[in-house]
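Report on the structure
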Amino acid sequence: MTRDFRLLATGQALSWLGNGFQTVALAVAVVTTGGGARDLGLVMASSVTTLLIGTLFGGVWADRLQPRRVMVWSDLIRFAATAGIALMFTGSYHLGLLCALTVVSAAAGSFFSPAMTALKPLLVPADRRQSANATLSMLQTGCGIAGPTLGGVTVAAFGAPAGFAVNAVSFLLSLVAAAMMRVRAERGPREPLIAELAAGWKEIRSRDWLIGGLFGATVYHIANGMILVLVQVVAFERLGGAHAVGLIASAEGLGGLLGAALGMRLRPHKLLRAGWLALLLMPLWAFAYVWPGVLWAVLAGAVIGYAGLLFYDVAWETAIQDNVPHQMLGRVASWDYVTSFLAMPVGNALAGPLSDRFGIDQVLTGCAAVLFVAGASQLLIPGARNLTRAAHTPAPVPVPA
């Protein structure tokens, strides 16, 4: 891999690891200062809402400016906001200030993700994109396991402000890594912001596999949003309590690492079709909570399902990088992210009312069926079924710094 890619991978690994510290620190800080679930929910809702609003505009600016510059400024703002949260919790707790700082951090993050998507294809040769995407997926999954674990130890030993401080430092290190990259992207003349945003959507509509994938993912995430709520209840009430919850989370992480590793090694000619087929393994994980409904089956389903999910992620991202013009990547990525931001909270909100009316097992069974249909339906789309990777995919030409 190139020097610039190693810098990106290092910076992102540190940032993802730091996010795990903040996940633990936020819950502990709010609850121990008397905030309770209401305050925590308000803070999390502020973050999600800001991401939803900001991501589309972040995609436009990622295609207007140098992606590396957007990432540097985003990390700088997130560093300042997170350091502010750490300082606040060393003194008195203010819900309004916490929400404000969370909004600032989330707004900066909504610009970072599309910029990183626009930058990645410039960092490696075209024939190494799949391996690069798999490497980043593996790092993100590993940090998603290690971050909360290390964060829990740190917060227990030194308090919640230490967890926020570690996350702030991780943003600073990510900033340094991004600033050290040398690659630059070609950028054309600007148009009005709304026109550029519409051009990104037009780019999506021009490809059947892309527009179909976004709508399929929206349905998938609504069902998955319900599943992610209900399986926690089942694991706690039927499978062994907190011990089972921890084991299942570990199995999901192991499956994710396995899927990313397979994405690094397997190179099917029709990669996107292979990705959608791999995603059909996820319903096995959801249905295992219903039948046979025992811990060993759920653990096996988690490993198999999440391996399929991460392999699909690698295939989907590689297909976008290969086939979408580079000057549109930020905007296309932002539309992709927004479908998830919209759909997941809807599923989370529906989980309680539907399970109260129909029962947890019935809702889980129905959602598993929806996951399968959402994935299998993509194989009916000619583009998703037949899209191939060229032996030498043309790569965007980076401009040396």
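Above this text is the structure in question.
Everything numeric here is computed off the predicted structure, so don't read it as measured data.

Calculation notes
Residues numbered from 1 in each chain as written. Predicted model: local features only at pLDDT ≥ 70, side-chain atom pairs only at ≥ 80, totals over all residues. Heavy atoms only, no water. Helix = DSSP H or I, 4+ residues; strand = E, 2+ residues; numbered from the N terminus. Buried < 20%, exposed > 50% of the residue type's maximum accessible area, 1.4 Å probe, protein only. Contact = heavy atoms within 4.5 Å. Axes fitted to C-alpha atoms, helices over the stretch in contact; angles between N-to-C directions. Parallel < 35°, antiparallel > 145°, perpendicular 65-115°, else oblique. Left-handed = near helix turned anticlockwise from the far one by under 90°. Nonpolar A, V, L, I, M, F, W, Y, C, P; charged D, E, K, R; others polar. Core = buried A, V, L, I, M, F, W, Y, C linked by side-chain atoms within 4.5 Å. Phe/Tyr/Trp six-rings, centres within 6.5 Å; stacked < 30°, edge-to-face > 60°. Expected span 1.5 Å × (residues − 1). Salt bridge = Lys/Arg side-chain N within 4 Å of Asp/Glu carboxyl O.

A few words now on the environment of Ala106. Mapped onto the elements, Ala106 comes out in helix α4 (residues 95-123). Residue classification places Ala106 among the buried positions, given a relative accessible area of 7%. As a C-alpha pair, Ala106 and Leu52 span 54 residues in sequence and 9.5 Å in three-dimensional space. Apart from residues no more than four positions distant in its own chain, Ala106 is found in contact with Ser47, Thr50 and Leu51.

In this section: the packing of helix α8 (residues 208-238) against helix α12 (residues 295-323). Running from amino to carboxyl end, α8 crosses α12 at an angle of 155°, the nearest separation of the two axes being 13 Å. With respect to α12, the element α8 is oriented roughly antiparallel. In this structure, α8 meets α12 at a crossing whose hand is left-handed. Judged by residue contacts, Trp209, Leu210, Gly213, Leu214, Tyr220 and Leu228 of α8 engage Tyr306, Leu309, Trp316, Ala319, Ile320 and Asn323 from α12. Here the residues of the contact of α8 with α12 sort into 10 nonpolar, two polar and no charged.

Next up on the list: the nonpolar core. Grouped together as the largest cluster of nonpolar side chains are 56 residues, with contacts concentrated most on Trp209, Trp285, Tyr289 and Trp316. Counting residues per element, this core draws most heavily on α8, which supplies 12 residues. Counting residues in hydrophobic clusters, the runner-up holds 25 residues, among them Phe5, Val70, Met71 and Val72.

Using the criterion set out here, one finds nine aromatic pairs in the structure. Both rings, one in Trp209 and one in Trp316, keep their centres 5.8 Å apart while their planes meet at 80°; by these two values the pair is edge-to-face. Separated by 107 residues along the polypeptide, Trp209 in helix α8 and Trp316 in helix α12 bring together distant segments of the chain. Each member of the pair, Trp209 together with Trp316, is buried.

The next point concerns helix α9 (residues 242-265). Between its first and last C-alpha atoms α9 spans 35 Å; for 24 residues at 1.5 Å apiece the expected length is 34 Å, and the two agree. The set of residues buried in α9 consists of Ala244, Ile248, Ala251, Glu252, Gly253, Gly255, Gly256, Gly259, Ala260 and Gly263. Tucked into the core, α9 has its buried residues touching α5 (129-158), α8, α11 (282-288) and α12.

Let us now look at the packing of α9 against α12. Direction vectors running N to C along α9 and α12 enclose 35°, while the axes themselves pass 6 Å from each other. For the pair α9 and α12, the sense of crossing is right-handed.

All right, on to the pattern of salt bridges then. Where side chains of opposite charge bring their charged atoms close, a pairing between them can arise. If you walk through the whole model with that rule in mind, you get nine salt bridges. With a shortest N-O distance of 2.0 Å, Lys120 and Glu317 are connected by a salt bridge. Of the two residues, Lys120 sits in helix α4 while Glu317 sits in helix α12, which places them 197 residues apart along the sequence. By relative accessible area, Lys120 is classed as buried at 9%. Taking the relative accessible area as the measure of exposure, Glu317 reaches 22% and is therefore partly exposed. For Arg238, the salt bridge is made with Asp361, and the minimal N-O distance between the two is 2.8 Å. With Arg238 in helix α8 and Asp361 in helix α14 (residues 360-376), this pair connects stretches of sequence that are 123 residues apart.

By themselves, these are just geometric observations and shouldn't be taken as functional.
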